[in-house]
Amino acid sequence: MAKQNREAFGSRIGVILAMAGSAIGLGNLWRFPYVTGQNGGAAFVLIYIASTLLVALPVFMAEVIIGRRSRSNASHAMEKLSGNKKFWKFSGALAVFIPLFIASYYSVIGGWSMGYTIMSVAEPFVKMAPDKASNLFAPFVSNPWMPLAMHLVFLGLCCAIVSGGVKSGIEKFSKFTLPALFVLILIIIAYSITLPGAREGIEYLIEPSFSDITPKSFVYALGQSFYSLSLGMGTIITYGSYIKKEDNLLTEGIGTAVSDLVFAILAGLAIMPAVFAAGIEPSSGPGLIFESIPFVFCKMGADIPVISSVMSFIFFFAVVIAAMTSCISLIEVGVGWLVEKYNLSRKKASKCIFALCAVLGSLCSLSFGPLSNISIEGENIFGAFDYVASNILLMVLAFITVIFVGFALKKEDVRDEFTNNGTLKLNSLIFNTLYFLIKWVAPLAVLLIFITNFVL
Ligand code: PHE
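To keep things clear, this report deals only with the structure shown in the data block. (Residues numbered from 1 in each chain as written. Predicted model: local features only at pLDDT ≥ 70, side-chain atom pairs only at ≥ 80, totals over all residues. Heavy atoms only, no water.)

A word on the side chain of threonine 325. You can see threonine 325 is positioned in helix α16 (residues 305-342). Note on threonine 325: relative accessible area 11%, which makes it buried. (Helix = DSSP H or I, 4+ residues; strand = E, 2+ residues; numbered from the N terminus. Buried < 20%, exposed > 50% of the residue type's maximum accessible area, 1.4 Å probe, protein only.)

Here it is, written out as structure tokens:
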């Protein structure tokens, strides 16, 4: 079974696409702008860029090294490389559990994006007054049925795709939609920076004011970097195991990290000017993209009515697909594990995962409506899921990963894997720096930030 999975990414471009497909998703489009808005703007963006390059990228490299060296799925990889030591079994279990936790609420946002895709044409908000369109979000999420139904449809589609093992379909799809999304974001940027009041939004993103930074900003920035690069969840370990021995891990790591960063910053540039132009609070939270983008399309609708509806439809549709390629990679970890460990068929395994995520996700979806009175440390259920998964659980797993590569693996083995047995010149040249980042900087940064978070 494992062999069969492994062959799916035979081509190099397939691996890069799959990794970029997993990395680029709601983390860039939905999460990055609103987390930036809640943490003061430009200064947070700088911390985020630094944490991506200095901490998240080394963790990414550690994960692909584990994956390719072990040629095994995430739940088993570290155990196998350590010579079956018990402790690493535990981290394998975490690597299965965390992605499902994220998939549950991730598919709720996927559902919202589906709702907005439909509303772009069926109940065209593009034709409304712009401020009305940007105020649609609160009633949309608190009406329990529509978001709940959309969540289940989105999750069902992702599970159906994983169940069929059809990677090629979705990959072909994302080959088209990811560039489309890129072009549309550029168009939205061009339009949204011309809106009156947009200047403030751009300044908010590029003029840092360090007084807005709190210790929590570091926790959020690192959490965002890990989340966006799909770290601490077993996905990159699993995809790493599909990479061919002769491929260059550095190229793949840098390619994924840079495209992920670029997508996040572009999303910020598309959304923030519109947020200011529409008079929305940048710190207003998870609804930010769903409030600001309709505003842009409404304004555009005054100039080019039909085209703006079509563009809005394609935009949200592309968001749905970007979310799907990410959500699939989350679900795949659990399904692959059930298949290998309990010998279930892919179909049965996908159904089990669907049932679990549907229950957890429904709680998240309803936490904006009937369950909104349940509050955990000031967050609703959805917010608590996101916080626990992104800022705690995946940091724990990422920490374990770097400790594993830095201390449990032999340095020579890590070097061989990273430099393809010394044949790659540049990789050999930077190996010691990377090793230092993996062994000392990444674990200490995660530990420090983690502790600060609990102490303050
Ligand atoms: N990186 C994805 C995003 O930015 C989310 C994700 C996390 C996907 C972990 C897979 C694994 O949306």
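According to the stated counting rule, one finds 0 disulfides in the structure shown. With no disulfide of its own, cysteine 327 lies closest to cysteine 158 among cysteine sulfurs, the gap being 4.1 Å. For cysteine 327, a relative accessible area of 0% puts it in the buried group. (Disulfide = S-S within 2.5 Å.)

Glancing now at the environment of alanine 56. Following the sequence through the fold, alanine 56 ends up in helix α4 (residues 42-70). A relative accessible area of 0% places alanine 56 in the buried class. Measuring from C-alpha to C-alpha, the distance between alanine 56 and leucine 229 comes to 7.5 Å, with 173 residues separating the pair along the chain. For alanine 56, the contacting residues outside a window of four places in its chain are Ser51, Ser225, Phe226, Leu229 and Leu231. (Contact = heavy atoms within 4.5 Å.)

Turning our attention to the site of the ligand. Around the ligand, the surrounding shell holds 15 residues, and the nearest of these are Ala23, Gly27, Tyr106, Tyr227 and Met233. Within the side chain of tyrosine 106, a nitrogen or oxygen atom sits 2.5 Å from an oxygen atom of the ligand. Here a nitrogen atom of the ligand sits 2.9 Å away from a polar atom, N or O, in the main chain of tyrosine 227. For the shell around the ligand, the secondary-structure elements that each account for two or more residues are α2 (12-23), α3 (26-38), α12 (215-228) and α16. Per-class residue counts for the shell around the ligand are 6 nonpolar, 9 polar and no charged. (Near = heavy atom within 4 Å. Polar contact = N/O pair within 3.5 Å; in protein donor to acceptor, adjacent residues only side chain to side chain. Nonpolar A, V, L, I, M, F, W, Y, C, P; charged D, E, K, R; others polar.)

Moving on: the pattern of salt bridges. Going through the model one piece at a time under the given rule, you end up with 8 salt bridges. When the shortest N-O distance is used, the salt bridge between arginine 69 and aspartate 413 registers 3.7 Å. Taken together, the positions of arginine 69 in helix α4 and aspartate 413 in helix α19 (residues 411-419) put the pair 344 residues apart, joining distant regions of the chain. Three or more residues joined by partner-sharing salt bridges are found here, namely Arg68, Arg69, Lys245, Asp413 and Glu417. (Salt bridge = Lys/Arg side-chain N within 4 Å of Asp/Glu carboxyl O.)

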